[in-house]
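# An overview of the molecular structure
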Amino acid sequence: MSSALPPPPQALLKPLARLLRPLVRLLIRSGVTFPVLADLLRGLYVDVAARDLLADPKAQTDSRISLMTGVHRKEIRRLRTQAPETGEIPAVVTLGSQIIARWLGTPPYADAEGGPLPLPRTARTAGEASFEGLVESVTKDVRARSVLDDWIGQEIVSLDEDGRVRLNTAAFIPRPGGEEQLFYFARNLHDHIAAAAANVATAGPAPFFDRSMHYDRLRPETVAQLEATARDAAQQLLTDVNRMALAMAEADDKAAGTSTPLRRINLGVYVYVEDDPVDEETAP
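Let us look at the structure shown here. (Residues numbered from 1 in each chain as written. Predicted model: local features only at pLDDT ≥ 70, side-chain atom pairs only at ≥ 80, totals over all residues. Heavy atoms only, no water.)

### Looking at the overall build of the protein
Scanning the protein from N- to C-terminus turns up 9 helices and 2 strands. Element order for the protein, N to C, with α for helix and β for strand: α-α-α-α-α-α-α-β-β-α-α. Counting the 284 residues in the protein, one finds 20% classified as buried. Only carbon and sulfur atoms are counted for the fraction: they give 57% of the accessible area of the protein, which is about 21500 Å². (Helix = DSSP H or I, 4+ residues; strand = E, 2+ residues; numbered from the N terminus. Buried < 20%, exposed > 50% of the residue type's maximum accessible area, 1.4 Å probe, protein only. Areas by Shrake-Rupley, 256 points an atom, 1.4 Å probe, with all protein chains shown as cover.)

As structure tokens, this is what we get:
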């Protein structure tokens, strides 16, 4: 990956303001004031300069970081004594996502199209797929009954007339403002921005796939139809790639212990709809 000269500051400010506007709206609504955000950004400037841009520990001096970031050396000394973020994945995110991924992508829990099959709570015959077996295939530390009770309460799953557990795929959305949703909020936006930033700062072909389709001045009914089609197509894409990833991940686990560096991948899809801004020259 060959690096290009980064865009000049004045070229970044206008797109940066557009990028940050919805985030600032969320921060204000959530009670995060500007001084709090400013202190967070000050700390991030120092941390990124030291960790990401100054590879040589000898170059990570307060004076050098101050020159790069514009943060006063006194503030840098204070900020560098603070504990860094751990970046740990909440246990609830890891467990839930693994169980759902396996249910959507691994026989005998899914059908040929990747649809989640209804599962009896426990196996009635030897070798029968069950919800208990699904949970135990991911973890032995949490009882399947505990997961089931929690998911029924959140309407992630339901019991049909035969007592089988059915996954409500439309309802598997993290609780608004909960730990899971905020984790994915940070990770997905981080990875999308990281990919876009790498594409902007790289000479030659873009290293990451980052494409979108966008239309404006469409009737609401047209947008609603396009949105529904996009949701279905996106869900099918994620299901197909998930099935492939599960099979490949199991093969990688069996080959663990080699000296090959490990990597991660994040495939994300989004759909956004809003009203077009009113054109004052053509508005009645």
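### Digging into the packing of aromatic side chains
Enumeration over the complete set of coordinates arrives at 3 aromatic pairs. Ring geometry for F131 versus W151: centroids 6.2 Å apart, planes at 70°, classification edge-to-face. Linking F131 in helix α6 (residues 131–136) with W151 in helix α7 (residues 144–153), this pair joins segments that are 20 residues apart in sequence. Ring geometry for F183 and Y184: centres 5.2 Å apart, planes at 70°, overall edge-to-face. For Y184, a relative accessible area of 22% corresponds to the partly exposed category. Here the aromatic cluster, defined as three or more aromatic residues joined through ring pairs, consists of W103, F131 and W151. Its end group placed over the ring of F209, R211 keeps NZ or CZ at 5.2 Å from the ring centre. (Phe/Tyr/Trp six-rings, centres within 6.5 Å; stacked < 30°, edge-to-face > 60°. Lys NZ or Arg CZ within 6 Å of the ring centre and 35° of its normal.)

### Describing the pattern of salt bridges
Tallied over the entire structure, the rule returns 13 salt bridges. D149 is paired through a salt bridge with R145; the nearest N and O atoms lie 2.9 Å apart. Of the two residues, D149 and R145 both sit in helix α7, 4 residues apart, roughly one turn of that helix. Residue classification places R145 among the partly exposed residues on the basis of a relative accessible area of 47%. For D160, the salt bridge goes to R166, with nearest N and O atoms at 3.1 Å. Accessibility expressed as a relative area gives 13% for D160, which makes it buried. Within this structure, D39, R42, E75 and R78 form a network of salt bridges that share partners. (Salt bridge = Lys/Arg side-chain N within 4 Å of Asp/Glu carboxyl O.)

### Some words on the nonpolar core
Core analysis: the biggest nonpolar cluster contains 18 residues, and W103, L119, F131, L134, W151, V157 and L167 have the highest contact counts within it. Where this core is concerned, the elements lending two or more residues are α5 (91–105), α6, α7 and β2 (165–167). If we ignore the near neighbours within four places in the chain, the residues touching W151 are G96, I99, I100, W103, F131, I156 and V157. Membership of the second largest hydrophobic core comes to 9 residues, among which are A49, A59, I65 and V71. (Core = buried A, V, L, I, M, F, W, Y, C linked by side-chain atoms within 4.5 Å. Contact = heavy atoms within 4.5 Å.)

### Observations regarding a negative patch on the surface
A cluster of like negative charges, contributed by D216, E274, D275 and D276, occupies part of the molecular surface. Looking at the secondary structure, you find D275 in the segment after α9 (220–254). (Patch = residues over 30% accessible without salt bridge, like charges linked within 9 Å, V, L, I, M, F, W, Y side chains within 5 Å. Lys, Arg positive; Asp, Glu negative; His and termini not counted. Charge placed at Lys NZ, Arg CZ, Asp CG, Glu CD.)

### Observations concerning the environment of F185
Tracing the chain through its elements places F185 in helix α8 (residues 179–200). Those residues in contact with F185 that lie beyond four places of it in its chain are L23 and L26.

### Some details on a nonpolar patch on the surface
On the surface, L13, L16, L19, L20, L23, V24, L26, I28, L182, F185, L189 and I193 cluster together to form a nonpolar patch covering roughly 1000 Å² of accessible area. Mapped by element, the contributors of at least two residues to the nonpolar patch are α1 (9–29) and α8. Relative accessible area serves as the criterion here: at 47%, L182 is assigned to the partly exposed category.

### Brief notes about α9
The terminal C-alpha atoms of α9, which comprises 35 residues, lie 51 Å apart, in line with the 51 Å expected from a rise of 1.5 Å per residue. What α9 keeps buried is the set A234, T239, N242 and L246. (Expected span 1.5 Å × (residues − 1).)

### Observations regarding α1
Helix length check: α1 (21 residues) gives 29 Å between terminal C-alpha atoms against 30 Å at 1.5 Å per residue, within 8%. R21 marks the point of greatest bend in α1, at about 40°, and the proline P22 comes within the next four residues. Following α1 by one or two positions, G31 adopts a phi angle in the positive range, close to 85°. (Bend = angle between axes of the 7 residues up to and from the residue.)

### Some points on unusual backbone geometry
P107 connects to P108 through a cis peptide bond whose omega is 10°. Locating P108 in the fold gives a position in the loop between α5 and α6. Notably, E155 is not glycine yet its phi reads approximately 65°, a positive angle. Tracing the chain through its elements places E155 in the loop between α7 and β1 (157–159). We classify E155 as exposed; its relative accessible area is 57%.

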